[in-house]
Amino acid sequence: MDQAPGSPQEPQGPQGAAGLPSCYRHPGRETGISCTRCERPICPECMVSASVGFQCPECVKDGSGTGHSPAANRPRTIAGGSVAEDPFLVTKILIGLNAAVFALVLVLGGRFVAETELIGLAISPQLGEIVGVADGQWYRLLTAVFLHQEVPHILFNLLGLWFLGRMVEPALGRGRYLALYLISGLGGSALAYLIAAPNQPSLGASGAIFGLMGAFAVLARRSNLDMRPVALILAISLLLTFTRPDISWEGHIGGLVAGTLITLGMVYAPRERRTLVQLGVSGAVLLAIVITVMARTAALS
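Please read these numbers as outputs of a predicted model, since none were measured by experiment. (Residues numbered from 1 in each chain as written. Predicted model: local features only at pLDDT ≥ 70, side-chain atom pairs only at ≥ 80, totals over all residues. Heavy atoms only, no water.)

Some points on the packing of helix α8 (residues 227-243) against helix α9 (residues 249-267)
Packed helices, taken two at a time, are described by the angle their axes make and the gap between the axes.
Here's step 1: One way to put it is that α8 packs onto α9 with a least axis distance of 9 Å and a crossing angle of 150 degrees. Between α8 and α9, the angle is such that the two are roughly antiparallel. The handedness of the crossing between α8 and α9 comes out as left-handed. Along the contact surface, α8 presents Leu-234, Leu-238, Thr-241 and Phe-242, while α9 presents Trp-249, His-252, Ile-253 and Leu-256.
Here's step 2: For the contact of α8 with α9, the residue count by class is six nonpolar, two polar and no charged. (Axes fitted to C-alpha atoms, helices over the stretch in contact; angles between N-to-C directions. Helix = DSSP H or I, 4+ residues; strand = E, 2+ residues; numbered from the N terminus. Parallel < 35°, antiparallel > 145°, perpendicular 65-115°, else oblique. Left-handed = near helix turned anticlockwise from the far one by under 90°. Contact = heavy atoms within 4.5 Å. Nonpolar A, V, L, I, M, F, W, Y, C, P; charged D, E, K, R; others polar.)

Following this line, the structure appears as structure tokens:
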């Protein structure tokens, strides 16, 4: 039946205590805003700006009457990435990959570690041959990022990955976050390869974790948060890096620098050229890594 002119509309979501409708996606959260397409009540978290008023995520997803593709008005992160239903998916996958590689270490033992750890150029006692990045085994720059040999080491790194990833991944989006993690890990490997002794092996996700730490600092500054706790965490981490034995400080610093630079490019890129600037900065950091590795390889060959 058509509604008579002037008669009040029935609310299309559950009523809050004060008589205002509740967001249809968050029952109990009162709101006076409704979707301009379907008229369902939506809270500020669910509001997506449209050419006129606001729309709900479902209408935006369907591209209902906007005149644009569904992606045009999709909610975006501070870096321009898509807002995902599971904002921590990549972090969970990375934790799973690190755990899976550690399981291989437990099963296969020292030979597997000797085949995948980062080393410049040396004779491996386990393999009985010359190995290293300078011998053409460039894959070690990446495999070492997922390699751990001791339980405390992997537990500490995975706790750091979970803590930092839960803050950085939702802010950047999945693709940008994964690129940040991998390039930061490579940056740590490259600096360790450049500075450490050729026969000094190194392994672990610490370079990538420090890249996330640099990203977190940039995001906190971009969001105008209190930087004192961030600076304290970073200072303690660096203190441990340079005072504890058997720590590859080169890997930590390389990852920190790479992660910081990439995140600066991601969150401060102008909106109209955001993708181009982000790709350019990430590509420049990756190119610097490649040049570093090539220069060190030429010096050791």
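That was the structure; now back to the text.
Side note on empty space enclosed by the protein
Here's step 1: Under the defined criterion, the tally for this structure stands at two cavities of 30 Å³ or more.
Here's step 2: Taken as a whole, the largest cavity encloses approximately 50 Å³ of empty space.
Here's step 3: In this structure, the largest cavity is lined by Leu-118, Ile-119, Gly-120, Ala-192, Tyr-193, Ala-196, Ala-197, Pro-198, Gln-200 and Ser-202.
Here's step 4: Classifying every residue of the lining of the largest cavity by side-chain character gives seven nonpolar, three polar and no charged.
Here's step 5: When its volume is computed, the second largest cavity comes out at roughly 40 Å³.
Here's step 6: Together, Phe-163, Leu-164, Met-213, Phe-216, Ala-217, Val-230, Ile-233 and Leu-234 line the second largest cavity.
Here's step 7: At the level of secondary structure, the elements contributing two or more residues to the lining of the second largest cavity comprise α5 (151-172), α7 (206-222) and α8.
Here's step 8: Residues belonging to the lining of the second largest cavity are distributed by class as follows: eight nonpolar, no polar and no charged. (1 Å grid on protein atoms, 1.4 Å probe; cavity = no way out; pocket = protein on both sides within 12 Å on 5 of 7 lines; lining within 4 Å. Points joined across faces, edges and corners; volume = space filled by probe spheres on them.)

Some points on the layout of surface pockets
Here's step 1: Considered as a void within the structure, the largest pocket measures approximately 1200 Å³ in volume.
Here's step 2: Lining the largest pocket are 45 residues, and of these His-153, Ser-206, Asp-246, Ile-247 and His-252 sit closest to its centre.
Here's step 3: Per-element accounting of the lining of the largest pocket gives the leading share, eight residues, to α5.

Some thoughts on the nonpolar core
Here's step 1: Judged by nonpolar contacts, the single largest core of 51 residues is most densely connected at Leu-161, Val-168, Leu-172, Tyr-177, Tyr-181 and Leu-212.
Here's step 2: The element that contributes the greatest number of residues to this core is α7, accounting for eleven residues.
Here's step 3: Ignoring anything within four residues of it in the chain, the contact list for Leu-172 reads Thr-77, Ala-79, Gly-81, Tyr-177, Leu-180, Leu-219, Met-266 and Val-267.
Here's step 4: Of all hydrophobic cores here, the second largest spans seven residues; its members include Cys-23, Ile-42, Cys-43 and Cys-46. (Core = buried A, V, L, I, M, F, W, Y, C linked by side-chain atoms within 4.5 Å. Buried < 20%, exposed > 50% of the residue type's maximum accessible area, 1.4 Å probe, protein only.)

Details of the confidence of the model for the protein chain
Here's step 1: Averaged over every residue, the pLDDT of the protein chain is 87; the share at 70 or more is 88%.
Here's step 2: In the model, residues 64-70 has pLDDT below 50 throughout and makes eleven contacts with residues more than four positions away in sequence or in other chains. (pLDDT = per-residue confidence, 0-100.)

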